[in-house]
Amino acid sequence: MEATGVLPFVRGVDLSGNDFKGGYFPENVKAMTSLRWLKLNRTGLCYLPEELAALQKLEHLSVSHNNLTTLHGELSSLPSLRAIVARANSLKNSGVPDDIFKLDDLSVLDLSYNQLTECPRELENAKNMLVLNLSHNSIDTIPNQLFINLTDLLYLDLSENRLESLPPQMRRLVHLQTLVLNGNPLLHAQLRQLPALMALQTLHLRNTQRTQSNLPTSLEGLSNLADVDLSCNDLTRVPECLYTLPSLRRLNLSSNQISELSLCIDQWVHVETLNLSRNQLTSLPSAICKLTKLKKLYLNSNKLDFDGLPSGIGKLASLEEFMAANNNLELIPESLCRCTKLRKLVLNKNRLVTLPEAIHFLTEIEVLDVRENPSLVMPPKPADRAAEWYNIDFSLQNQLRLAGASPATVAAAAAGLSQDDQAKQVLKGMSDVAQEKNKKPEESTDARAPGGKTRRWDQGLEKPRLDYSEFFTEDVGQLPGLTIWQIENFVPVLVEEAFHGKFYEADCYIVLKTFLDDSGSLNWEIYYWIGGEATLDKKACSAIHAVNLRNYLGAECRTVREEMGDESEEFLQVFDNDISYIEGGTASGFYTVEDTHYVTRMYRVYGKKNIKLEPVPLKGASLDPRFVFLLDRGLDIYVWRGAQATLSSTTKARLFAEKINKNERKGKAEITLLVQGQEPPEFWEALGGEPSEIKKHVPDDFWPPQPKLYKVGLGLGYLELPQINYKLSVEHKTRPKVELLPRMRLLQSLLDTRCVYILDCWSDVFIWLGRKSPRLVRAAALKLGQELCGMLHRPRHASVSRSLEGTEAQVFKAKFKNWDDVLTVDYTRNAEAVLQGPGLTGKVKRDAEKKDQMKADLTALFLPRQPPMALAEAEQLMEEWNEDLDGMEGFVLEGKKFARLPEEEFGHFYTQDCYVFLCRYWVPVEYEEEEEKKEEKEEEKAGAEGKEGEEAAAEAEEKQPEEDFQCIVYFWQGREASNMGWLTFTFSLQKKFESLFPGKLEVVRMTQQQENPKFLSHFKRKFIIHRGKRKASQGTLQPSLYQIRTNGSALCTRCIQINTDSGLLNSEFCFILKVPFESEDNQGIVYAWVGRASDPDEAKLAEDILNTMFDTSYSKQVINEGEEPENFFWVGIGAQKPYDDDAEYMKHTRLFRCSNEKGYFAVTEKCSDFCQDDLADDDIMLLDNGQEVYMWVGTQTSQVEIKLSLKACQVYIQHMRSKEHEQPRRLRLVRKGNEQHAFTRCFHAWSTFRKSLA
């Protein structure tokens, strides 16, 4: 590259991270004759390149983290050299040349992290030295002469060496500001030189064997000392000399043996950071509360308990970080929660029982660490008054309106405010009236301008707030002077001051003159200049943005149009009549229709979580069977999958190709998926022919060079190219390890719209142009990018491309972390509902839009409770369903086969068994046609037809034997039975039934307590569920207790075995207790226990069940509550315990399910015949028992559902309060597995939760 380019104007360049091993160094660096600073860090250099000799103006050279063994070479011939940074190399004593210390301007020397065993020879000759860093070497002595000459030192770092003493001449360093001596064995050094270092600001003595005896008694003279580090020493108390430091701001005393603090610490009035971790402290003195400027307090790994923290700690109003991990704290003082600026509170590994409720009011808190406190119970969060969650209005009025309630009901709900709310409204109204009154006098005074004149009509108009920050900076027009913008791509771009008065004929400009008027206030003149050859878009945008600028400044002046060759006198005076025209200008912002030329490129796709693209040569040999490759030919994009490539990589590559097509090809490209071995001829044609074999050639540990981001700087006559060290400029939650740093990804936030950047990815060089970047910087960057690409060693397929902000290529975006199109998602909806949006039409689309608008369906909460079915109605329905039943056969799973169930066992079910019932129903022919038209007439006609009896049915069978019956197979599964029963049925018995009754078979699968009402009706309320397996349970001699209960309808009556516990009895129910005997003649005694408040029909049913369940070998006895025999009843059921004497909750119980599985949040009600297994583990359930509303939370529930359900719960309680104000509900939170008795009694036969079935 010739020196006539931009290289002679480069004043500084950062080439760190490039590979200069093996003697390779770009020769073109010699052409940078104006270079002032050069960085060559982490480049693999083994010796200094000879090209440095040409850089006679070089002032700063950085060659850290290389493999240098010597600095001998051209350094002494660089007369302007001021700073040498050679840290982290392999330099030994002989590798540091003596002659560099004769350089007159040398003031900075960093030789840390090397292999020096002594101070460099002749170092004392560098009399202008200001910064000296010799840390992390093996130096054991410092020559006395060194500090006799180097008296101007400001910074001295001798840490991590082998120094046992310091020369007394150190007291001459009266200008020294920073002294770092960490990690030296200075046990016998008394450090008497310290009081003489009057300018000292930072003193670090970490791990230097400090004790009470080898520290100076007083440091009172060090009035500037602000930062002291005495950690990792042997101090048993705080050294007295520290109390006399008037400017102390940071003090580190961690890892010592300090057991108590003196009351003198109240003298540290300026301390902001205090580290006392890893000591023996049992308490803090109350004097610590006087450190009002303290921001960070670290007390980790001490022996502090609750009494050890002063109660007045809340006076530390500036406290931002408080860490007390690994102590003995049971509580923390409530006053700590008054430190409103607290951002980080770390209390892990303590004995915390709870935290103050005020912890929730620390609004600035970012980190709250309370891990490893096994007994900790977090305090409840205060009630949230906000009405909106996830864009859903949960107010009762709005939800009633959505549910279709009448306006009167909605108005009544709105009026039903509590007295507190009404009082608040009155107070708010009074304050509003007062504010209005205060405003009126102000408005009346504003209405008149100074001098008593009335304001103009347009001055009182309120202008809309518009955001012009995208076009103009905050400081525009705030200082007297001239500012000019040029219109480019519809946007004003700032013009450099050197080009003021020079106008391109094909461009338009906005000129702002800022000046002070006679009263001393800012005033403005705004012109927009139209070039003679300017396009229409530039003319229009200059006028529009001139008005935008006026609005942005709030100026009252007019915007003045100036045309080329016809400028006004006022405009010419702005430039002192010195303006000139230049031919040409920027291109129009409008697209020009022309055939786009696409460059064919191929990329290897790699990476797991976020895919990355590595450009490869355009030939068949680049393919590797373990990877996916993307071949981009413009309007043809091929995704090639190797034989050993993963499917996920293929999918991600295809999605990447879709993004390229959508964002860069306007959807015109054709994407083709190819599999290795099935490639079309045009694919190989693009790669120059098919290779004989596709081999593995990419190394297993391949990782591309780390991208380097350069920021192009342009000054008056010079260019600079510094690197953006994004490893350090990006905030990370946890500080990453050094070995992980090179693989960090760039962030889009690093790119400033006013700047130009060069992103060097080795095989790709991208030049990014910010929208507001000056034209000169853009031109320089394009030239510099080309030279940078040619200067450094590149592969042949490397390319340079430019990207304008907002139009970046997808390959460029992939270099950055999380830079992509973001889909805004409503988290109350599922993915399926989001994807179904596009493509819907007609009513389906309208319904979907309506549902989308609603976002939450709480209608079920406002519907009245389902009334219980009357006994007569239930018996009539039972009779009708049994009249239609022609016959029923039962089967039970025994082993791996279904065996026929004896009729005497019909109605007896076991929780670990599976049953099959084949039911044959009559379907009278007359009603088949009617059924097709109106199904609801079936019940009426069934009653009339029933009068004809069996004869009519027999006739119908004779006439149409193939069409007058239907078979239903009911499969019943106990809650403790495995799914093997269902699998066995589907592969054996079901096939057999289907062959016997082709086209007439319906299969209904049911689980315990979730049975079909028609199925239940066939057992005439004698539906008994035993625990265990059918045959295994017959020989047990343990007492068993059964509860008879009806849920909402007599159809849903069951007799279920429950735990044998007298505490489960209830005066409103009937129970059956079996007490077995060991005698062969008398198997035992059975009691039917009738509660005093139980229903008489249920009492009669209990007696019937007693007689059908047990044969004559059992003694049977019906007993009323209070008449229990002592000998067998209480002995059999266990000790007598208190039990419930009413079941009032049965009149109120309702169970709701809250879920977002429909694509939006919805609440649905379970029927009154609900059971324990209706509690869905992945949903929230609301249970109302008339007194409490329980919010039951499953173990797999999402946080979104929890928050939305809580709001729905509050809406329901508010609604019920307006409906049943005499019976207000309370909210209770229940987690699965922690249910109270008041909750479990609402469920018939509550037991342990069913395990997930295999």
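To keep things clear, this report deals only with the structure shown in the data block. Only a predicted model underlies this, so the values are computations on that prediction, with no experimental measurement involved. (Residues numbered from 1 in each chain as written. Predicted model: local features only at pLDDT ≥ 70, side-chain atom pairs only at ≥ 80, totals over all residues. Heavy atoms only, no water.)

**Things to note about the environment of Phe-1069**
With respect to the helices and strands, Phe-1069 occurs in the loop between β47 (1053–1058) and β48 (1070–1076). The residues contacting Phe-1069, other than those within four sequence positions of it, are Gln-1043, Ile-1044, Arg-1045, Trp-1089, Val-1090, Gly-1091, Ser-1094, Glu-1098, Ala-1143, Tyr-1145 and Met-1146. (Helix = DSSP H or I, 4+ residues; strand = E, 2+ residues; numbered from the N terminus. Contact = heavy atoms within 4.5 Å.)

**Section: the sheet that holds strand β20 (residues 491–494)**
Taken in spatial order, the five strands of this open sheet run β20-β19-β22-β23-β24, and their pairing is mixed. In the strand order of this sheet, the two ends are held by β20 and β24 (559–563), each with one partner. In this sheet, neighbouring strand axes are inclined to one another by 30° on average, regardless of whether the strands run parallel or antiparallel. Two strands pair when backbone bridges link them, and strand β23 (residues 522–530) and β24 are joined in this way by five bridges, in the parallel orientation. Note on β24: the bridge partner recorded for Tyr-527 is Val-560. (Pairing = 2+ DSSP bridges. Axes fitted to C-alpha atoms, helices over the stretch in contact; angles between N-to-C directions.)

**Examining the packing of aromatic side chains**
Tallied over the full model, the rule gives 52 aromatic pairs. A centroid spacing of 5.0 Å and a plane angle of 70° characterise the contact between Phe-909 and Tyr-915, whose relative ring orientation is edge-to-face. Since its relative accessible area comes to 0%, Phe-909 is described here as buried. Overall, the relative accessible area of 0% leaves Tyr-915 in the buried class. Both rings, one in Tyr-915 and one in Trp-972, keep their centres 5.7 Å apart while their planes meet at 65°; by these two values the pair is edge-to-face. One end of the pair, Tyr-915, is in strand β42 (residues 914–922); the other, Trp-972, is in strand β43 (residues 965–973), and 57 residues separate them in sequence. Through a chain of ring-to-ring contacts, the aromatic side chains of Phe-906, Phe-909, Tyr-915, Phe-917, Tyr-970, Trp-972, Phe-1015, Phe-1019 and Phe-1023 assemble into a single cluster. (Phe/Tyr/Trp six-rings, centres within 6.5 Å; stacked < 30°, edge-to-face > 60°. Buried < 20%, exposed > 50% of the residue type's maximum accessible area, 1.4 Å probe, protein only.)

**Structural notes on helix α19 (residues 980–987)**
Looking only at α19, the buried set comprises Gly-981, Thr-984, Phe-985 and Thr-986. For α19, the elements touching its buried residues are β39 (885–894), β40 (897–900), β42, β43, α20 (989–996) and β44 (1001–1007).

**Some points on the environment of Leu-630**
For Leu-630, the position within the fold is in strand β28 (residues 628–632). Overall, the relative accessible area of 1% leaves Leu-630 in the buried class. The spacing of Leu-630 and Phe-656 is 26 residues in sequence and 9.2 Å in space, taken between C-alpha atoms. Sequence-distant contacts of Leu-630, defined by excluding residues within four places in its chain, comprise Arg-601, Met-602, Tyr-603, Val-605, Ile-637, Tyr-638, Ala-653, Phe-656, Ala-657 and Ile-660.

**Here's the deal with the pattern of salt bridges**
Pairs may arise between side chains of opposite charge once their charged atoms sit close together. A complete count under the given rule lists 42 salt bridges for this structure. Between Arg-343 and Glu-321 there is a salt bridge; the shortest N-O distance is 3.8 Å. Here the residue Arg-343 occupies a position in the loop between β14 (321–323) and β15 (344–346), and Glu-321 occupies one in strand β14, the gap between them amounting to 22 residues. Here Glu-321 falls in the buried class, since its relative accessible area comes to 7%. Three or more residues joined by partner-sharing salt bridges are found here, namely Glu-320, Glu-321, Arg-343 and Glu-366. (Salt bridge = Lys/Arg side-chain N within 4 Å of Asp/Glu carboxyl O.)

**What about the state of the cysteines?**
Applying the stated rule across the entire model yields zero disulfides. Unpaired in terms of disulfides, Cys-967 finds its nearest cysteine sulfur in Cys-919, a separation of 9.0 Å. Cysteine Cys-1171 remains unbridged, with the sulfur of Cys-1167 as its closest cysteine sulfur at 9.0 Å. The exposure class of Cys-1171 is buried, given its relative accessible area of 1%. (Disulfide = S-S within 2.5 Å.)

**Description of the side chain of Ser-277**
Structurally, the position occupied by Ser-277 is in the loop between β12 (273–275) and β13 (296–298). What makes Ser-277 buried here is its relative accessible area of 2%. Separated by 3.2 Å, the side chain of Ser-277 and the backbone nitrogen of Asn-300 make a polar contact. If near-sequence neighbours (up to four positions away) are discounted, Ser-277 is found in contact with Leu-253, Ser-254, Ser-255, Tyr-298, Leu-299, Asn-300 and Asn-302. (Polar contact = N/O pair within 3.5 Å; in protein donor to acceptor, adjacent residues only side chain to side chain.)

**Observations regarding the side chain of Ser-773**
As for its position among the elements, Ser-773 is in the loop between β35 (764–769) and α10 (775–791). On the basis of relative accessible area, Ser-773 is assigned to the buried category, the value being 1%. Separated by 2.9 Å, the side chains of Ser-773 and Arg-778 make a polar contact. With sequence-adjacent residues up to four places away left out, Ser-773 is seen in contact with Val-493, Thr-753, Arg-754, Cys-755, Val-756 and Arg-778.

**Here we look at unusual backbone geometry**
One non-glycine residue, His-65, adopts positive backbone phi at about 55°. Relative to the elements of secondary structure, His-65 occurs in the loop between β3 (60–62) and β4 (83–85).

**Some points on the sheet that holds strand β49 (residues 1084–1090)**
Reading across from one edge, β41-β45-β47-β46-β48-β49-β50 is the order of the seven strands in this open sheet, with mixed pairing throughout. Looking at the sheet topology across the chains shown, the edges are occupied by β41 (908–910) and β50 (1114–1120). Taken pair by pair, the neighbouring strands of this sheet meet at an average axis angle of 20°, ignoring direction. Bridge count between strand β45 (residues 1024–1026) and β47: two bridges; the pairing is parallel. Counterpart to Ile-1024 in the pairing with β47 is Cys-1055.

**Overview of the pairing of strand β54 (residues 1188–1193)**
A large share of β54 lies buried, amounting to six of its six residues. The alternating pattern of β54 places Glu-1188, Tyr-1190 and Trp-1192 and Val-1189, Met-1191 and Val-1193 on opposite faces, both of which are buried. Of the pairings in the sheet, the one linking strand β53 (residues 1180–1184) to β54 comprises five bridges and is antiparallel in character. Its bridge partner being in β54, Leu-1183 is matched across the sheet by Tyr-1190. Where β53 folds back on β54, the antiparallel hairpin that results is connected by three residues, among which Gly-1186 adopts a positive phi of roughly 95°. Running through helix α24 (residues 1199–1219), the crossover from β54 to the neighbouring parallel element strand β55 (residues 1226–1231) is right-handed. (Right-handed = clockwise from strand over helix to strand, strands pointing away.)

**Notes on the pairing of β50**
Direction of pairing for β49 relative to β50: parallel, over a ladder of seven bridges. Its bridge partner lying in β50, Tyr-1087 is registered against Gln-1117. Of the crossover connections in this fold, the one passing from β49 over helix α22 (residues 1096–1109) to the parallel β50 is right-handed.

**With respect to a nonpolar patch on the surface**
Where nonpolar side chains cluster on the molecular surface, the patch consists of Phe-306, Leu-331 and Val-353 and spans about 220 Å² of accessible area. With respect to the helices and strands, Phe-306 occurs in the loop between β13 and β14. (Patch = residues over 30% accessible without salt bridge, like charges linked within 9 Å, V, L, I, M, F, W, Y side chains within 5 Å. Areas by Shrake-Rupley, 256 points an atom, 1.4 Å probe, with all protein chains shown as cover.)

**So, the packing of α19 against α20**
Relative orientation and spacing of two packed helices are given, respectively, by the angle between their axes and the distance between those axes. For the pair α19 and α20, interaxial distance at closest approach is 3 Å and the crossing angle is 35°. Side by side, α19 and α20 meet where Thr-984, Phe-985, Thr-986 and Phe-987 of the first sit next to Leu-989, Gln-990, Lys-991 and Phe-993 of the second. Here the residues of the contact of α19 with α20 sort into four nonpolar, three polar and one charged. (Nonpolar A, V, L, I, M, F, W, Y, C, P; charged D, E, K, R; others polar.)

So yeah, pure geometry; function would need other evidence.
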